[in-house]
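Fold and contact review
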Amino acid sequence: SQQGEEDPQALSIQEGENATMNCSYKTSINNLQWYRQNSGRGLVHLILIRSNEREKHSGRLRVTLDTSKKSSSLLITASRAADTASYFCATGGMTGADKLIFGTGTRLQVFP
Amino acid sequence: EPEVTQTPSHQVTQMGQEVILRCVPISNHLYFYWYRQILGQKVEFLVSFYNNEISEKSEIFDDQFSVERPDGSNFTLKIRSTKLEDSAMYFCAAGGETQYFGPGTRLLVL
């Protein structure tokens, strides 16, 4: 698999449900970040988790990181129609300002 | 959230023409990046820029590409002779550990 592969590729849920997206990567990382992209628009930074952290919360977002399995998950609780977007994980290398390597993304559709 | 701006938002050009994509990054950040996203595909790293020089570039960033920070504020990506396969969304980013992305320039090469 490639650095930064996500599953599922697409996810459809009803408003109020939780959405979980997973990301796997291959190399050693300094951090892992999640971004959101609305259709045809720019990337919005959501949350960053460092390699020495296991879990992080931001509002309705919860991110976990398991460096032994080289995987991360993004949980969006109590989803809203406005959460409809593509979600990408991106890994940062071993130095603080390294390039980001993006995953393939999960397309989330939240139905009202 | 800090803002990175990009111009133009859309550009259509003929194959073989030169294009310059512009970005105004956040002024207090030192690292700048260009990424691209071909329609329906993942975001790919092109080049990073620090202290007025390229710090890293990808295989995509061949001799047809160049970057400049001509006046201390604008950050440009030039494609010297565009090809059909250069059609993509081009994103500028600024930051370091956390990167802030601009809204992108959609480039269409005909």
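Before reading further, recall that the structure is shown in the block above.
Residues numbered from 1 in each chain as written. Chains lettered and ligands numbered in written order. Predicted model: local features only at pLDDT ≥ 70, side-chain atom pairs only at ≥ 80, totals over all residues. Heavy atoms only, no water.

1. Quick notes on the sheet that holds strand β7 (residues 65-68) of chain B
Residues and elements named next belong to chain B. Taken in spatial order, the 4 strands of this open sheet run β1-β3-β8-β7, and their pairing is antiparallel. A strand with exactly one partner marks an edge of an open sheet, and here the two such strands are β1 (5-7) and β7. Ignoring which end each strand starts from, the neighbouring axes of this sheet average 20 degrees apart. Note: strand β3 (residues 19-24) against strand β8 (residues 75-79), 5 bridges, orientation antiparallel. Bridge pairing in β8 links Leu 21 to Leu 77. (Pairing = 2+ DSSP bridges. Helix = DSSP H or I, 4+ residues; strand = E, 2+ residues; numbered from the N terminus. Axes fitted to C-alpha atoms, helices over the stretch in contact; angles between N-to-C directions.)

2. Looking at the nonpolar core
Residue and element names in this part refer to chain B. Among the nonpolar cores identified, the biggest contains 23 residues, and Trp 34, Val 67, Phe 75, Leu 77 and Tyr 90 are the most heavily contacted of them. Elements supplying a minimum of two residues to this core: β3, β4 (31-37), β5 (43-50), β7, β8, β9 (88-95) and β11 (105-109). With 4 residues, β9 is the largest single contributor of residues to this core. (Core = buried A, V, L, I, M, F, W, Y, C linked by side-chain atoms within 4.5 Å. Buried < 20%, exposed > 50% of the residue type's maximum accessible area, 1.4 Å probe, protein only.)

3. Points about the interface of chain A and chain B
On the chain B side, the residues contacting the 25 residues of chain A number 19 residues. Here chain A meets chain B over a buried area of about 1700 Å², counting both sides, of which 50% is carbon and sulfur. The partner of A:Lys99 in a salt bridge is B:Glu56, with the nearest N and O atoms 2.5 Å apart. Where chain A meets chain B, there are 7 residue pairs in polar contact (both at pLDDT 80 or more). Those elements that provide at least two residues to the side of chain A that touches chain B are β4 (31-37), β5 (43-50) and β10 (100-102) of chain A. Considering every element that reaches the side of chain A that touches chain B, the biggest residue donor is β5(A), with 5 residues. Looking at the side of chain A that touches chain B residue by residue, the class counts come to 8 nonpolar, 13 polar and 4 charged. (Contact = heavy atoms within 4.5 Å. Buried area = accessible area lost by both parts, 1.4 Å probe. Salt bridge = Lys/Arg side-chain N within 4 Å of Asp/Glu carboxyl O. Polar contact = N/O pair within 3.5 Å; in protein donor to acceptor, adjacent residues only side chain to side chain. Nonpolar A, V, L, I, M, F, W, Y, C, P; charged D, E, K, R; others polar.)

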